[in-house]
Every structure is written in C-alpha cells, then in structure tokens.
Amino acid sequence: MIENTMKISEILQQDKVNLSFEFFPPKKDMPFDSVQEATEIVSKLNPAFFSITYGAAGGATHNTVKVATEVQRNLGVTALAHLTGKTLSREEVGDILSSLTEDGIQNILAIRGDLFPERAHLFKEDFLHASDLIRFIKEQGDFCVGAACYPEGHVESEDKREDIRHLKLKQEAGADFLTTQMFFDNNIFYNFMYRLRDAGVTIPIIAGIMPISAYHQIKTIEKLSGGTYPAPFIAIADKFKHHPVAFETAMLHYTCHQIIDLVANGVNNIHIYTMNKGDTARKIMNYLGEILTA
C-alpha cells in the first residue's frame, strides 16, 4: 500500500463531507489484534483520516506512533497522531517528532493532557499549555498541527470568553485546525461557531460526535467533559436504559441524525469518536448512505 501523506489541513479544504474516526492504541505490551481489526474494517469505508489517541499518562507512546504508521503505510489512510505535552519534556517530544518524521507522519493533534491528581507525579513543566506544545512542534518541522476545543467551554475555564481567548492563543501558536470535544446538541455547536468566528478564530473546525453504546457512559462523559444532553437525548436514554440492544440502536440513530443535521447546515468536517468499534463505524456509514455525497 502506498503511503498517504496528505495533510489534514488539505483534506479539510476539499468540497465534500469528510468523516474521520478515532482509535486508541493498545496498552503497553498488549496485542494489537483488536485495533488492527477495527482499522481494517473502517479503512474500507473511505474515511477522511484516522485519529490515534495518546496512551494514558504516556504509557503507550510507542504504540500511538506504531498504530499511526501502520494505518497510513498499510491501509493508505492519513493518520493523525495525538501528542500530550503535560507528561513530556522538550527532549522527549523532540524524539517522538523524529520518529513520526521517519515514519512519514506529518499530522499531529497537540493537547496538554488532563490534570488528574493521581498522575501529578508524572507532570512536567516544559509544556504548561497546549499552545506551548503547538509552537514547539511547529518549530521542529513541517507538521500540520491540530488542537482541541470545547463547544460548552473547558471545565477549567472561568467562562466561555476565557476559553475562546485560549483558542485564539492556539491559533496564534500555529494550529492549523481545531477538533471539538463531543457534543450532543447541534445548537450548542452552531452557537460556539458563531462566537469563535466573531472572536477572530478563523481556522477550520471539525465537529466531534460520539455514538453512545451503553447507558453507563452518559454519566462518565458528563463528569469528564462537563457536557450536557438535550431533551430528545435524555428521552431516548430513559426509555431504553434497561434494554442494552435497543439502547445502542436508538443512540446510533440519534448520532446519525446529528450528522445529517450538521451536513444539512454546511458542516462538512465531522470526527466520530467510535474509538475501536469498527462495526459501529460501519453501521453509521451504511445508515448515512448517499446522504454524504448528495
């Protein structure tokens, strides 16, 4: 398979709907079978690119690079490798960038990382903010760098105005695009886009969508991201919470209708947090069918 080295910034400029999918690498010393199977399934669905997350606390750094390299080289899908700065020194980031360059990976999602107290002993002071990491990466080579954004505001920000100020800093540091935290109410995203553009954030925004597959995920996501759920979402969750198969099916339909509404309103770049569930990605693509090319 010929290596696909297209930059994400170039993909986002295409006049078509771009759907990307997220995967997480196996933990250190764990087999690659499940992630390999999932990436092979989704690679046949014509994805815009694959986003490969960073190991918790940096424990699977090598695996992030390995998965990104394999999907790009063997499956011909552009890979976006995550890089978390809070647990790394400048020297360590430099070494990772060298490895990525050697393997033909030129797309990086630069994030600071969550400040979990139980991992405080792993934190370093070289990259206190995502903007610091973005700037450093840009200085090291011709990388396309993305960053995260939060339609409902980052949980650590005092208010949404401060949050957007931080996003402007990411743009000024050299970020080429932003990917949103998952959201479940499209109106929140539309309002967020208006405030971003009004504040002078002009780089492309990728809308992040997550299909919920189990009821227990709802509270976990709410706790981690501070996200809220609209009335139709809550009604579906309450109706089918005791019926796992029906719950997953109903939520899959909810996700697909979110995507349809985004596309109908001119949002062409959508990232789906299916993680390593290749079958979920396939069901979404089958459901959407020709909607994506209309």
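This write-up is about the structure you can find in this document. Just so you know, these numbers come straight off a predicted model, no measurement behind them.

Reading guide: rules and limits
Residues numbered from 1 in each chain as written. Predicted model: local features only at pLDDT ≥ 70, side-chain atom pairs only at ≥ 80, totals over all residues. Heavy atoms only, no water. Helix = DSSP H or I, 4+ residues; strand = E, 2+ residues; numbered from the N terminus. Buried < 20%, exposed > 50% of the residue type's maximum accessible area, 1.4 Å probe, protein only. Contact = heavy atoms within 4.5 Å. Areas by Shrake-Rupley, 256 points an atom, 1.4 Å probe, with all protein chains shown as cover. Pairing = 2+ DSSP bridges. Right-handed = clockwise from strand over helix to strand, strands pointing away. Expected span 1.5 Å × (residues − 1). Axes fitted to C-alpha atoms, helices over the stretch in contact; angles between N-to-C directions. Parallel < 35°, antiparallel > 145°, perpendicular 65-115°, else oblique. Left-handed = near helix turned anticlockwise from the far one by under 90°. Nonpolar A, V, L, I, M, F, W, Y, C, P; charged D, E, K, R; others polar.

Quick look at the overall build of the chain now. Counting its secondary structure elements, the chain contains eleven helices and eight strands. For the chain, the proportion of its 294 residues judged to be buried stands at 52%. Taking all contacts inside the chain whose residues are at least 6 apart in sequence as the whole, residues at least 24 apart take part in 78%. Accessible surface, the chain as shown: approximately 14200 Å² in total, 52% of it carbon and sulfur.

A large share of strand 4 (residues 107–111) lies buried, amounting to four of its five residues. As paired strands, strand 3 (residues 79–84) and strand 4 are joined by five bridges and run parallel to one another. Residue His82 lies in a different strand from strand 4, and its bridge partner there is Leu109. For the handedness criterion, the β-α-β arrangement of strand 3, helix 4 (residues 90–102) and strand 4 is classed as right-handed.

It is worth spelling out helix 10 (residues 244–264) at this point. For helix 10, with 21 residues, the first-to-last C-alpha span of 30 Å sits near the 30 Å given by 1.5 Å per residue. Those residues of helix 10 that fall on the buried side of the exposure criterion are Phe247, Ala250, Met251, Leu252, Tyr254, Thr255, Cys256, Gln258, Ile259, Leu262 and Val263. A positive backbone phi angle near 85° is found at Gly266, which sits one or two residues after helix 10.

Contact pair helix 9 (residues 231–240) / helix 10: the axes reach a minimum separation of 9 Å and the direction vectors enclose 165°. What the angle tells us is that helix 9 and helix 10 run roughly antiparallel. Judged by the sense of rotation from one axis to the other, the crossing of helix 9 with helix 10 is right-handed. Between helix 9, through Pro232, Phe233, Ile236, Ala237 and Phe240, and helix 10, the contact on the second element is made entirely by Pro244, Ala246, Phe247, Ala250, Met251 and Tyr254. Partitioning the contact of helix 9 with helix 10 into residue classes produces eleven nonpolar, no polar and no charged.

Here we take up the sheet that holds strand 4. Within the closed barrel, the eight strands sit side by side as 1-2-3-4-5-6-7-8. Their pairing is parallel. The sheet shows a mean angle of 30° between the axes of neighbouring strands, direction not considered. Where strand 1 (residues 18–23) meets strand 2 (residues 50–52), three bridges bridge the pair, whose relative direction is parallel. Across the sheet, residue Phe21 finds its bridge partner in strand 2, namely Phe50. Contacts from helix 5 (residues 130–140) reach strand 3, strand 4 and strand 5 (144–149) within the one sheet, and its direction differs from that of strand 4 by about 150°.

A negative phi holds for most residues other than glycine; trans holds for most peptide bonds. Not every positive phi belongs to a glycine, and Asn46 is a case in point at roughly 60°. With respect to the helices and strands, Asn46 occurs in the loop between helix 2 (33–43) and strand 2. Although it is not a glycine, Met275 sits at a positive phi angle of roughly 55°. Position of Met275 relative to the elements: it lies in the loop between strand 8 (269–272) and helix 11 (278–288).

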